[in-house]
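# Descriptive structure summary
Spelled out, the chains give:
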Amino acid sequence: MKYHTYNIITIGCQMNKSDSERIAAYFEEQGMREEEDKYRADVVVLTTCGVRQSAEDRVYGFVPRIKKENPSCFLIITGCLSERNDVKKRLKDKVDLWIPIGDIINIKNQITNKLQIPNSKQDNCGYLELEAKYSSKFKAFVPIGNGCNNYCSYCVVPYARGREKYRSAETIINEVKGLVRGGYREITLIAQNVNSYIDGRQQAADSRKFGFPRLLNEIDDIPGEFWLRFATSHPKDMSDELIDVIAKCEHLCEHVHLPAQAGDNAVLKAMNRGYTIEHYIELINNLRRKINTRINRAINRTNKSRNYFAAPLSITTDIIVGFPGETKEQFVNTAKLFKEVKFDMAYIAQYSPRPGTAAVKLVDDVPKQEKKRREEALMKILRKTALENNKKYIKKTVEVLIEGKNKHGDWYGMTRTNKNVRIDSRQQTADSRNLLGQFVNVKIIEIREFGMRGELI
Ligand code: SF4
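Bear in mind that the values here come from a model prediction, so they are computed numbers and not experimental data. (Residues numbered from 1 in each chain as written. Predicted model: local features only at pLDDT ≥ 70, side-chain atom pairs only at ≥ 80, totals over all residues. Heavy atoms only, no water.)

## What to know about the overall build of the protein chain
Along the backbone of the protein chain there are 13 helices and 18 strands. By its C-alpha atoms, the protein chain is 65 × 55 × 50 Å across when sized along the principal axes. Taken across its 457 residues, the protein chain has 56% of its residues classed as buried. In the protein chain, the share of contacts with a sequence separation of at least 24, taken over all contacts with a separation of at least 6, comes to 72%. Accessible area of the protein chain: about 21,100 Å², with a carbon and sulfur share of 48%. Positive and negative charge centroids in the protein chain, built from 75 and 58 side chains respectively, lie 3 Å apart. (Helix = DSSP H or I, 4+ residues; strand = E, 2+ residues; numbered from the N terminus. Buried < 20%, exposed > 50% of the residue type's maximum accessible area, 1.4 Å probe, protein only. Contact = heavy atoms within 4.5 Å. Areas by Shrake-Rupley, 256 points an atom, 1.4 Å probe, with all protein chains shown as cover. Lys, Arg positive; Asp, Glu negative; His and termini not counted. Charge placed at Lys NZ, Arg CZ, Asp CG, Glu CD.)

## Thoughts on helix 7 (residues 212–220)
For helix 7, the set of buried residues is Phe-212, Pro-213, Leu-215, Leu-216, Ile-219 and Asp-220. For helix 7, the buried positions fall inside an angular range of 165° around the axis, keeping them on one side. Those residues of helix 7 hidden inside the fold are in contact with helix 6 (169–181), strand 9 (186–190), strand 10 (227–231) and helix 8 (240–248). (Arc of directions from axis to C-beta.)

## Observations concerning the sheet that holds strand 9
Strand order in this open sheet of three strands is 6-9-10, and the pairing throughout is parallel. The open sheet has two edge strands, strand 6 (139–143) and strand 10, and neither has a second partner. Neighbour to neighbour, the strand axes of the sheet diverge by 20° on average, direction disregarded. Direction of pairing for strand 6 relative to strand 9: parallel, over a ladder of five bridges. Residue Lys-139 lies in a different strand from strand 9, and its bridge partner there is Glu-186. Docked against the sheet, helix 1 (residues 14–29) engages strand 6, strand 9 and strand 10, running at close to 95° with respect to strand 6. The strands that helix 6 touches are strand 6 and strand 9; relative to strand 6, the one it contacts most, it runs at about 170°. (Pairing = 2+ DSSP bridges. Axes fitted to C-alpha atoms, helices over the stretch in contact; angles between N-to-C directions.)

## Regarding the domain arrangement of the protein chain
Accessible area lost upon the coming together of the parts serves often as the stated size of an interface. When its domains are assigned, the protein chain resolves into domain 1 (5–123), domain 2 (136–253), domain 3 (294–392) and domain 4 (397–456). On the side of domain 4, 11 residues touch domain 3, which itself brings 16 residues to the contact. Carbon and sulfur atoms supply 59% of the area buried between domain 3 and domain 4, which totals about 1,100 Å² over both sides. Viewed at the interface, domain 4 and domain 3 are joined by one salt bridge. A salt bridge links Asp-344 to Lys-419; its shortest N-O distance comes to 2.6 Å. Taken together, the links from domain 3 to domain 4 amount to five residue pairs in polar contact (both at pLDDT 80 or more). Considering every element that reaches the side of domain 3 that touches domain 4, the biggest residue donor is helix 12 (residues 368–391), with seven residues. Counted by class, the side of domain 3 that touches domain 4 contains nine nonpolar, three polar and four charged residues. (Domains from an automatic or database assignment. Buried area = accessible area lost by both parts, 1.4 Å probe. Salt bridge = Lys/Arg side-chain N within 4 Å of Asp/Glu carboxyl O. Polar contact = N/O pair within 3.5 Å; in protein donor to acceptor, adjacent residues only side chain to side chain. Nonpolar A, V, L, I, M, F, W, Y, C, P; charged D, E, K, R; others polar.)

## Structural notes on the packing of aromatic side chains
All chains considered together, the criterion is met by nine aromatic pairs. Between Tyr-6 and Phe-27 the ring centres are 5.1 Å apart and the planes differ by 40°, which places this aromatic pair in the tilted class. Linking Tyr-6 in strand 1 (residues 5–10) with Phe-27 in helix 1, this pair joins segments that are 21 residues apart in sequence. Positioned over the ring face of Tyr-60 is Arg-90, at 3.6 Å from the centre of the ring. (Phe/Tyr/Trp six-rings, centres within 6.5 Å; stacked < 30°, edge-to-face > 60°. Lys NZ or Arg CZ within 6 Å of the ring centre and 35° of its normal.)

## Some thoughts on the packing of helix 11 (residues 328–341) against helix 12
Viewed as axis vectors pointing N to C, helix 11 and helix 12 meet at an angle of 15°, and their least axial separation amounts to 9 Å. The angle between helix 11 and helix 12 falls in the class roughly parallel. Regarding helix 11 and helix 12, the two cross each other, and that crossing is right-handed. On helix 12, the residues touching Lys-328, Phe-331, Thr-334, Ala-335, Phe-338 and Lys-339 of helix 11 are Glu-370, Arg-373, Arg-374, Ala-377, Leu-378, Ile-381, Leu-382 and Thr-385. Looking at the contact of helix 11 with helix 12 residue by residue, the class counts come to seven nonpolar, two polar and five charged. (Parallel < 35°, antiparallel > 145°, perpendicular 65-115°, else oblique. Left-handed = near helix turned anticlockwise from the far one by under 90°.)

## What about the nonpolar core?
Within the largest apolar cluster, 77 residues are counted, with the highest numbers of intra-cluster contacts made by Leu-189, Phe-212, Leu-215, Leu-216 and Ile-219. Here this core gets eight residues from one element, more than from any other, and that element is helix 10 (residues 277–302). There are two domains that each give this core at least three residues, and those are domain 2 (136–253) and domain 3 (294–392). Ignoring any residue separated from it by four or fewer positions in sequence, one finds Leu-215 in contact with Ile-144, Ala-169, Ile-172, Ile-173, Leu-189, Tyr-197 and Phe-210. (Core = buried A, V, L, I, M, F, W, Y, C linked by side-chain atoms within 4.5 Å.)

## Side note on helix 12
Given 3.6 residues per helical turn, the α-helix brings residues three or four places apart onto the same face. Look at helix 12: 35 Å from first C-alpha to last across 24 residues, which is about the 34 Å you get at 1.5 Å a residue. Those residues of helix 12 not exposed but buried are Glu-370, Lys-371, Arg-374, Leu-378, Met-379, Ile-381, Leu-382, Thr-385, Ala-386, Asn-389 and Asn-390. Contacts from the buried residues of helix 12 go to strand 12 (314–321), helix 11, strand 13 (345–350), strand 17 (439–447) and strand 18 (452–456). (Expected span 1.5 Å × (residues − 1).)

## Observations concerning the side chain of Gln-350
Along the chain, Gln-350 turns up in strand 13. Judged by relative accessible area, Gln-350 falls into the buried class, the value being 18%. For Gln-350, the side chain forms a polar contact with the side chain of Glu-375, separated by 2.7 Å. Among residues more than four places away in sequence, those in contact with Gln-350 are Val-321, Lys-368, Lys-371, Lys-372 and Glu-375.

## Remarks on the sheet that holds strand 17
The five strands are arranged 14-15-16-18-17 in a closed barrel whose pairing can be described as mixed. Averaged over all pairs of adjacent strands, the angle between their axes in this sheet comes to 50°, without regard to strand direction. Note: strand 14 (residues 397–405) against strand 17, five bridges, orientation antiparallel. In the strand pairing of strand 17, Val-398 is matched with Val-442.

Listed below in structure tokens is the structure:
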């Protein structure tokens with residue numbers, strides 16, 4: 001192959017990051033090496049996201065600049081935008097190869113021959129069997145499948161990634177075992193809709209036998225010191241069985257990300273979400289009741305000191321404001337949801353029409369200013385509830401996985417409940433250990449809405 005170096009730019013979600021790790025490993029297997037400067041690499045890959053207009057606009061910024069500064073590079077676009085005809089038309093002179101993510105496995109032939117092979121979405125998760133070049137030495141995303149069958153009316157993912165396809169439980173469990181053996185401390189199972197997982201080997205036959213609850217159970221049984229997370233769950237597929245298993249698995253962190261998207265039933269229906277807000281709230285209550293009971297039981301069992309903190313389950317969500325036709329009254333229902341659930345974090349997006357989706361046919365009738373106002377109103381409630389939730393941590397000791405050092409020399413990391421914690425560097429001078437990728441106990445001395453500061457114990 002005439003190409004020796006590669007650079008990958010990833011835009012968007014955890015799934016895209018994981019895809020890029022697999023593309024990187026594939027290039028290395030072909031004898032190529034990573035070039036950190038995208039303006040010097042022989043091959044530049046953009047793993048793109050089409051979920052929001054802002055993510056799409058980043059591609060329109062990157063592509064002409066790369067081709068101007070590095071005209072001889074072979075530029076590849078994969079991910080959500082790789083099959084959008086309007087994007088192809090707009091960038092047609094600047095991109096050398098458009099490749100759906102499921103076809104990445106054939107990338108060598110495509111680079112060599114400059115051929116566009118037919119879309120192989122029939123097996124859009126075969127590429128997940130490529131070994132990944134994990135970007136961290138202690139945290140890893142393990143994809144369990146690809147694609148989505150849900151067709152939420154605003155979302156491009158089912159068109160960009162195809163229908164749901166899942167890996168076999170055996171290959172997923174083996175990948176996790178290998179990571180745990182290699183000292184990985186945090187594993188996140190990812191797919192567009194993890195809780196509709198079925199063992200990839202059984203999709204054609206009796207698929208009910210090995211679903212997500214059983215997968216979690218089997219991974220939880222792997223011996224070793226590691227945290228387990230998963231993303232993303234769909235409320236309509238969060239069964240009682242799954243909640244019971246989540247409450248039982250001790251490796252699983254006390255954090256659930258459950259996208260509500262809206263707090264009003266008519267808006268949820270227009271979004272084609274498949275649940276009511278009453279059902280969503282019931283799920284949150286069940287999760288809190290069962291998981292918090294488990295935490296308290298565990299503390300009684302291990303007879304920890306009174307200062308050991310039974311951090312309650314943290315709940316995070318995704319919300320879209322200004323969906324077509326969303327009235328002020330309907331928005332007020334979303335604000336009520338925020339007050340009732342008291343989220344720890346919410347990723348709030350202003351609606352933007354996405355080409356090819358069902359909602360693009362609706363009139364985008366909520367003015368930009370009003371979308372901004374609604375976003376700010378939710379942020380105001382979120383700041384209040386998140387701060388209130390965090391107050392419970394003051395003077396308590398929590399376990400933190402150290403992820404790095406900031407520019408001031410302070411170690412920082414995450415709790416099991418997904419809270420950012422920074423450790424005061426004045427205290428660190430007395431403790432010169434390299435804490436990267438380690439679990440440490442930290443006493444929380446200061447809290448903010450979305451972060452905390454603490455001291456090593
Ligand atoms: S569940 Fe809905 S929002 Fe999530 S990826 Fe599938 S279609 Fe998109």
